[in-house]
Amino acid sequence: MTIMEPNREPRKHGSAGDGMVGGRMSRFEGELKIKGAATYALEYPMENVAHAVLVQSTIAAGRVVSVDISKASAMPGVLLVLTPQDDLGLTMCGDWAGNPSSGEPYYPLPQTVQFNGQSIAAVIAESREQASEAARLVTVTYEETPSVTGLHDPNAGEGKVMPNLVVNWGDAEQALAHAEVTIEATYETPREYHVAMEPHGLMTTWEGDALTIWEPSQWSHGMARMYAEWFGIDYENVRIVSPYIGGGFGSKGQPLAYGAVAAAASKKLGRPVKLAVTRPQNFTSYGGRAATRQTIALGATKDGILQAIRHRGMSETSVYADYAEQTGAATPVLYKVENFSSEHRIVAVNTVTPGALRGPGKNPSAYGIECAMEELAYVLDMDPLALRLKNYADHDYQSGKPWSTRRLREALTEGAAAFGWDKRSHQPRSMRDGNQLVGYGIGCGTFPVIRAPSEAIIRILADGRVEVVSGSIDMGQGTYTILAQTAAEAMGVSIDQVVVQLGDSRLPGSSIAGGSMLAGSITGAVHKAALAARDELVGLALNAPNSPFAGSGANTLSVSGGEISTGSGDGPVVTIAEMMKALGREHLEIRRNTLSDDAQEAAEQRKAWTTMARVMGPTMGDYSMHSWCAHFAEVRVDEEFGTVRVSRMVSAFDCGRLYNPKLVESQWRGGIIMGIGQALLEEGIVDPRNGRTVNNNVGDYLVPTNADIPDLTVISVGVPDLNASALGGKGVGEVGIVGVAPAIANAVYHATGKRVRDLPITLEKLI
Amino acid sequence: MRDFSYLRAASVDAARAGAIQPGAMLLAGGTTLLDLAKCGVATPDTVIDVTHLSGLSAIEVDADGARIGALAKMAAVADDPAIIAAFPAISQSLTLAASQQLRNMATIGGNLMQRTRCPYFRDPGTFSACNKRAPGSGCSAIGGVTRNHAVLGVSDACIATYHGDLAVALVAFDAVVEIGERSVAIDDFFLVPGDTPERETLIEAGEMITGIRVPASAGAGNSVYLKVRDRQSYEFAAASAAVSLELEDDGRTVRDIRVALGGVATKPWRARAVEQALIGKAIDAETVKAASLLAVEGAVSNGGNQYKIALAPRVVARAISDLASKTARTSGGQA
Ligand SMILES: Cc1cc2nc3c(=O)[nH]c(=O)nc-3n(C[C@H](O)[C@H](O)[C@H](O)COP(=O)(O)OP(=O)(O)OC[C@H]3O[C@@H](n4cnc5c(N)ncnc54)[C@H](O)[C@@H]3O)c2cc1C
Ligand code: SF4
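Worth saying up front: this structure is predicted, and the values here are computed from it rather than measured.

(A) View of the overall build of chain B. In terms of helices and strands, chain B carries 12 helices and 12 strands. Its C-alpha radius of gyration of 20 Å places chain B within 12% of the 20 Å reference for a compact globule of 335 residues. Oriented by its inertia axes, the alpha-carbon framework of chain B measures out at about 65 × 45 × 35 Å. When contacts within chain B are restricted to residue pairs at least 6 apart in sequence, long-range pairs at least 24 apart make up 63% of them. Of the roughly 13,000 Å² of accessible surface on chain B, a fraction of 52% belongs to carbon and sulfur atoms. Computed over 32 positive and 35 negative side-chain charges, the inter-centroid distance for chain B is 5 Å.

Here's what the structure looks like:
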């Protein structure tokens, strides 16, 4: 068996001038991915590997009465068939928050069927083809029970209120009753999916009690812990390897049932097992964004001063776990309002438990409030931009705290100027281009600054290169690149001298790449470690007897471009490599973390890297901290056909300081593109008779193509926010999608005079 | 995927001899066949690869029309200058179909033979009832999700749409499908489901499409394929129309018109009633609109596909009007 180490070769990147923090460096791993040279989890060369294929349920609810595996087992190459009858000996793992396991047994292939597409058996064979054909021959007998297949199911009911998602201040009911102008409307979003280019799957192998897993992971340490707890082995005995990931969008942050099945099969067989989740199975092996429904009432004075917001929302969850897609997440922070009431419910239906998908909560929430604000603007006969500026929130009305930084006003005004908002004519249906109706719309977005500790190693090598070592991951968002930039700047070396190693749970601890928290968290740790390494190097250079600076009388040295000097122009100039040689050091290693002093014990450190226990929300501290954006969309609607084309978008962002504007812009654009898909195309279509997602493939689940995407202008209006992170950045990964769908829905209304309140806006809703 | 044997045919006759064996299937570009094999719909015992046969990928255009070999690639036909000039609707129907990658792989013969995207047809593991897959088992689509199902040519047994684009243009041009020695008018080649939805074309076991002939017609050079869908590229049609138009010398009276519909019917759908209503008439917006409504005569909705009944005539009317105004512009007449 071969275990490939993550690539340790130095990687080539853009021009040296781009190498510092704030430079427009191209992505380190981009070229490898484009050339097919990046090794993804399922591509690791592995000898003697067996292949597992899942069998999933075809009913929405019930019980597996029996599984006939006789035909499957008799097929050539079949090694093992796992069914609910097999006790895999697993225990439930502790949750994200850090609450310990209940100690209950865990059945990744359960007897009870809770949704259509639930894994209930697995076939392991010598080849993938043999396993998949045998999987087809597994016959399952069910006892069906009644099911609820979505929020629209007549038996769905009203669900239950989530007490932590009830927000009230002032008296919204009273204010609404007395408001001069009110509007009320209900908005819906469907089930949506991550559909990352790289489907889910893993390869696992055991050596004694040690489990190694190659699996795309947004959180190597957290996933390692959960696997360890499932199998009752030490955390140190699990290794997750994930140097390259083909997109995650929130779907790859935790191990899932199929992972437990593969690792258990590998243990039973005593050989490596590879399990590739098929594209259709990806639609039910983990949850996408839950379908939501929310009703918003706004009250205002005749001249457009907001008096009250009342929000009542709900999202679907599964029948076995509570997950809230918080429709009230953005509602309280966007506008100045003295009277506010929000409540979110969850309704259990027969689906896989939904999960986080880019901008969870904030996304559907902004869709509701931002459509409602424009509906109010038209009732008031007021420019929607003016209405937003008029109700600008000078502080956070929910927490009562001041904003750390909030440049949403600049986003609105500078975005409007770049877009040419002043060319808009106010009346719906008043702008045309040939036989197409043209419309403009705005959608504001927000995403909280979530802070988390991390740690990093900086290793100065004998040849003068600087290694950055972290267990954090890069799923395409640019971790490799910005860490190289951070280390280069802090160390005073050229970026070509920096090597970055990521994506392995054995490497230093890190926060999850989720909630837009990783960049702020890990640059803080790398920056701290790199400064310490530089200090260490300078200290040795000043004090070591063999140093060229020994006896120079200097009391400090400067490191720049990989060279050490006194900085005053006289005295020696020594490269780091020469210095290492003079010092006789093979390497110099510094490990630093950004944990608080009370968390430096080993157990506390472990908990910090493997749970959310040390994660801090946006209002922990003196300020309320968020990223902000304003999207301006122009659409063209062919009214006879009902087709909507986004012809132009301008989006302005306040995400604080940008560590690498090129990568940030690409994150923003990626979010905007997903938002265009959400507005116009994406919808998991469920057969109400059996809860099956019928468009469970990328031919039928439509995401935008290049042809659907116009030029996207993105503008940064942010200023460094040093409350938010060590280097002044706020999260950039998720805010881009937030507010796009309402901007487009609002533009469609402006174009056509038709208000579509359920996404996506497909052609039959407009003809 | 099930084990199967793979044969590389050395000649058309060898391919046919192989294909007549039970469980044998021809393999061209494989973009439909492989996909259906992965879904568990196609379970061939033997796959007969015809892609190495020579002489079947020629594209020839002369005064009598075009002849396209069955193995010509979609991309090659779409980009062929002579096809673009003589039959623009054919080129457009291909350019607007699938994706560039698929068009580079897929053949014209395979394209005609592509199967429906009905999700129930494609998911045998979950939906055992499908008359097309398993005759007599019922139809899972009726009563289910039917947004993309047909409204024309449907039966109680099956409402699956024929999604191909090229065949729609070919039906408008009265193309002929060459099946070795015999030739069949394309409108007859495709069958409506009736009680036997499993039978989609006139192809018999052991037969192979060898080419397509498209006769020249006066209006062919003045033709268009209009495809309407939510996504701008890489999506099947919500509704589409292939139209060719020949006007009298006055630049407004219809001498000849061909209209065919895609995305709304169980086979590529010739709309002769629309043609009859317009031949000899002067083109104006009202006349075109009224005639286009005849395109969906007899249409039946099954819920989610109701919009197609409203959409299809609009697509037809737009295609006709666009062609008419273009013709009027080039001939200097008034539309
Ligand atoms: C995601 C996706 C999107 C698509 N979108 C579109 C679209 O928008 N519009 C559109 O028109 N098409 C679309 N297609 C369908 C595509 O055009 C067809 O898959 C393709 O044309 C089939 O050609 P092929 O050569 O690959 O056929 P194959 O897959 O090789 O064969 C298809 C079938 O035809 C039979 N066959 C092949 N050649 C012959 C022959 N010479 N004689 C008799 N039988 C033969 C085979 O046995 C098989 O049953 C799409 C396909 C996919 C996968
Ligand atoms: S519509 Fe036709 S193809 Fe679809 S399930 Fe019914 S019988 Fe099968």
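Structure's up, so let's keep going.
(B) Main features of the packing of aromatic side chains. All names here are of chain A. One pass over the full model with this rule turns up 24 aromatic pairs over all chains. When the ring of Trp-421 is compared with that of Tyr-440, the centres are 6.1 Å apart and the planes differ by 35 degrees; the resulting orientation is tilted. With Trp-421 in the loop between helix H10 (408–419) and strand E18 (432–433) and Tyr-440 in strand E19 (residues 436–448), this residue pair connects regions lying 19 residues apart in the sequence. Residue Trp-421 is classed as buried on the basis of its relative accessible area, which comes to 3%. By relative accessible area, which is 7% here, Tyr-440 ends up buried. Look at Trp-421 and Phe-632: their rings are 5.9 Å apart centre to centre, the planes differ by 70 degrees, and that puts the pair in the edge-to-face class. Taken together, the residues span a long stretch of sequence, with Trp-421 in the loop between H10 and E18 and Phe-632 in strand E27 (residues 626–638) at a distance of 211 residues. Of the two residues, Trp-421 and Phe-632, neither departs from the other in class, the shared state being buried. An aromatic cluster is defined as three or more aromatic residues linked by ring pairs; in this entry it consists of Phe-419, Trp-421, Tyr-440 and Phe-632. Above the plane of the ring of Phe-419 lies Arg-648, whose end atom (NZ or CZ) is 4.3 Å from the centre.

(C) Local environment of the pattern of salt bridges. Per the stated rule, a full pass over the model turns up 65 salt bridges over all chains. Here A:Glu375 makes a salt bridge to A:Arg755, at a shortest N to O gap of 3.7 Å. Highlighted residues: A:Glu375 in helix H8 (residues 362–380) and A:Arg755 in the segment after helix H16 (740–752), separated in sequence by 380 residues. Classification of A:Glu375 by relative accessible area gives buried; the value is 13%. Using a relative accessible area of 14% as the deciding quantity, one classes A:Arg755 as buried. Its salt-bridge partner being A:Arg636, residue A:Glu634 comes within 3.1 Å of it at the nearest N-O pair. Both residues of the pair, A:Glu634 and A:Arg636, count as buried. One continuous salt-bridge network, built from bridges that share partners, spans B:Asp174, B:Asp256, B:Arg258, B:Arg270 and B:Glu275.

(D) Layout of the interface of chain A and chain B. With 35 residues of chain A in contact, the opposing surface of chain B contributes 35 residues. Roughly 2,900 Å² of surface becomes buried between chain A and chain B when both sides are summed, with 52% attributable to carbon and sulfur atoms. Sorting the residues of chain A by area buried against chain B places A:Phe641, A:Arg689 and A:Leu763 first, and these three jointly supply 20% of that buried surface. Scanning the region where chain A abuts chain B turns up 5 salt bridges. Among the salt bridges present, the one from B:Arg147 reaches A:Glu764, with a minimum N-O distance of 2.6 Å. Within the residue set of the side of chain A that touches chain B, elements represented by two or more residues are helix H3 (128–136) and strand E28 (643–654) of chain A. If one sorts the elements of the side of chain A that touches chain B by residue count, H3(A) sits on top with 4 residues. Its residues assigned to classes, the side of chain A that touches chain B shows 12 nonpolar, 10 polar and 13 charged.

(E) Local environment of the site of ligand 1. Residues and elements named next belong to chain B. In the vicinity of ligand 1, 28 residues are found, and the nearest of them are Leu-26, Gly-30, Thr-31, Thr-32 and Asp-165. Separating a nitrogen atom of ligand 1 from a side-chain N or O atom of Asp-165 is a distance of 2.7 Å. Burial of ligand 1 by the protein amounts to 94% of the accessible area it has alone, namely 970 Å². Counting residues per element, the ones that place at least two in the shell around ligand 1 are strand E2 (24–27) and helix H7 (108–112). When residues in the shell around ligand 1 are grouped by element, the largest group, 3 residues, is from H7. Here the shell around ligand 1 is composed, by residue class, of 15 nonpolar, 10 polar and 3 charged. There are two domains that each give the shell around ligand 1 at least three residues, and those are domain 1 (5–49) and domain 2 (223–331).

(F) Just the domain arrangement of chain B, in detail. Segmenting chain B into domains produces domain 1 (5–49) and domain 2 (223–331). Look at where the C-alpha atoms of domain 1 of chain B and domain 2 of chain B centre, and you get two points 37 Å apart.

(G) Region of the structure containing the pairing of strand E29 (residues 712–716) of chain A. Residue and element names in this part refer to chain A. Pairing analysis gives 5 bridges linking E28 to E29, with the strands arranged parallel. Bridge pairing links Met-649 to Leu-712 in E29. A crossover links E28 with its parallel partner E29, the connecting element being helix H15 (residues 661–680), and its sense is right-handed.

(H) Up close: the sheet that holds strand E8 (residues 139–144) of chain A. Residues and elements named next belong to chain A. If you trace the 3 strands from one edge of the open sheet to the other, you get E6-E2-E8, paired in antiparallel fashion. Here the strands that pair on one side only, and so sit at the sheet edges, are strand E6 (112–113) and E8. Sheet topology note: the strand E2 (residues 62–68)/E8 ladder contains 6 bridges and is antiparallel. Residue Asp-68 lies in a different strand from E8, and its bridge partner there is Thr-139.

(I) Inspection of the nonpolar core at higher detail. Residue and element names in this part refer to chain A. Membership of the largest hydrophobic core comes to 99 residues, with the highest contact counts inside it found for Leu-298, Ile-676 and Ile-744. Sort the elements by how many residues they give to this core and H8 lands first, with 9 residues. Both domain 1 (2–38 + 451–610) and domain 3 (361–366 + 378–449 + 619–766) contribute no fewer than three residues apiece to this core. Excluding residues that lie within four positions of it along the chain, Leu-298 makes contacts with Leu-176, Val-181, Thr-182, Ile-183, Leu-306, Ala-308, Ile-309, Ile-369, Ala-372, Met-373 and Leu-376. Phe-28, Tyr-244, Ile-460 and Val-574 belong to the second-largest nonpolar core, a separate cluster that totals 51 residues.

(J) Representation of the environment of A:Ser318 within the structure. All names here are of chain A. Within the secondary structure, Ser-318 sits in the loop between strand E16 (306–317) and strand E17 (339–348). A polar side-chain atom of Ser-318 sits 3.3 Å from the main-chain amide nitrogen of Tyr-320. Reaching out from Ser-318, the side chain makes a polar contact with the side chain of Thr-353 at a distance of 2.7 Å.

(K) View of the sheet that holds strand E20 (residues 455–461) of chain A. All names here are of chain A. The strand order E22-E21-E20-E26 describes an open sheet built from 4 strands, whose pairing is mixed. Of all strands in the sheet, those with a lone pairing partner are strand E22 (498–501) and strand E26 (587–593), marking the two edges. Neighbour-to-neighbour, the strand axes of this sheet turn through a mean angle of 20 degrees, independent of strand direction. Bridging between strand E21 (residues 466–469) and E22 involves 4 bridges; their strand directions are parallel.

(L) Structural context of H10(A). All names here are of chain A. Taking 1.5 Å of rise per residue, 12 residues should cover 16 Å, and H10 covers 16 Å from first to last C-alpha, within 8% of that figure. Looking at the buried residues of H10, the elements they touch are helix H9 (384–390), E19, E27 and E28. Following H10 by one or two positions, Gly-420 adopts a phi angle in the positive range, close to 85 degrees.

(M) Region of interest: the packing of H8(A) against H16(A). All names here are of chain A. Between H8 and H16, the shortest axis-to-axis distance is 8 Å and the interhelical angle comes to 30 degrees. Between H8 and H16, the angle is such that the two are roughly parallel. Crossing of H8 over H16 shows right-handed handedness. Two secondary-structure elements touch here, H8 through Ala-366, Tyr-367, Glu-370, Cys-371, Glu-374 and Tyr-378 and H16 through Ala-741, Pro-742, Ala-745, Asn-746, Tyr-749 and His-750.

(N) Layout of the pairing of E20(A). Residue and element names in this part refer to chain A. Most of E20 sits out of view: 7 of its 7 residues are buried. The two faces of E20 match: Glu-455, Ile-457, Arg-459 and Leu-461 on one face and Ala-456, Ile-458 and Ile-460 on the other face are all buried. Relative to E26, E20 runs antiparallel, the two being bridged by 7 bridges. Looking at the pairing, Ile-457 lines up with Arg-591 of E26. Bridge count for E20 against E21 is 4 bridges, and the pairing is antiparallel.

Rules of the game
Residues numbered from 1 in each chain as written. Chains lettered and ligands numbered in written order. Predicted model: local features only at pLDDT ≥ 70, side-chain atom pairs only at ≥ 80, totals over all residues. Heavy atoms only, no water. Helix = DSSP H or I, 4+ residues; strand = E, 2+ residues; numbered from the N terminus. Rg over C-alpha atoms; globule rule 2.2 N^0.38 Å. Contact = heavy atoms within 4.5 Å. Areas by Shrake-Rupley, 256 points an atom, 1.4 Å probe, with all protein chains shown as cover. Lys, Arg positive; Asp, Glu negative; His and termini not counted. Charge placed at Lys NZ, Arg CZ, Asp CG, Glu CD. Phe/Tyr/Trp six-rings, centres within 6.5 Å; stacked < 30°, edge-to-face > 60°. Buried < 20%, exposed > 50% of the residue type's maximum accessible area, 1.4 Å probe, protein only. Lys NZ or Arg CZ within 6 Å of the ring centre and 35° of its normal. Salt bridge = Lys/Arg side-chain N within 4 Å of Asp/Glu carboxyl O. Buried area = accessible area lost by both parts, 1.4 Å probe. Nonpolar A, V, L, I, M, F, W, Y, C, P; charged D, E, K, R; others polar. Near = heavy atom within 4 Å. Polar contact = N/O pair within 3.5 Å; in protein donor to acceptor, adjacent residues only side chain to side chain. Domains from an automatic or database assignment. Pairing = 2+ DSSP bridges. Right-handed = clockwise from strand over helix to strand, strands pointing away. Core = buried A, V, L, I, M, F, W, Y, C linked by side-chain atoms within 4.5 Å. Axes fitted to C-alpha atoms, helices over the stretch in contact; angles between N-to-C directions. Expected span 1.5 Å × (residues − 1). Parallel < 35°, antiparallel > 145°, perpendicular 65-115°, else oblique. Left-handed = near helix turned anticlockwise from the far one by under 90°.

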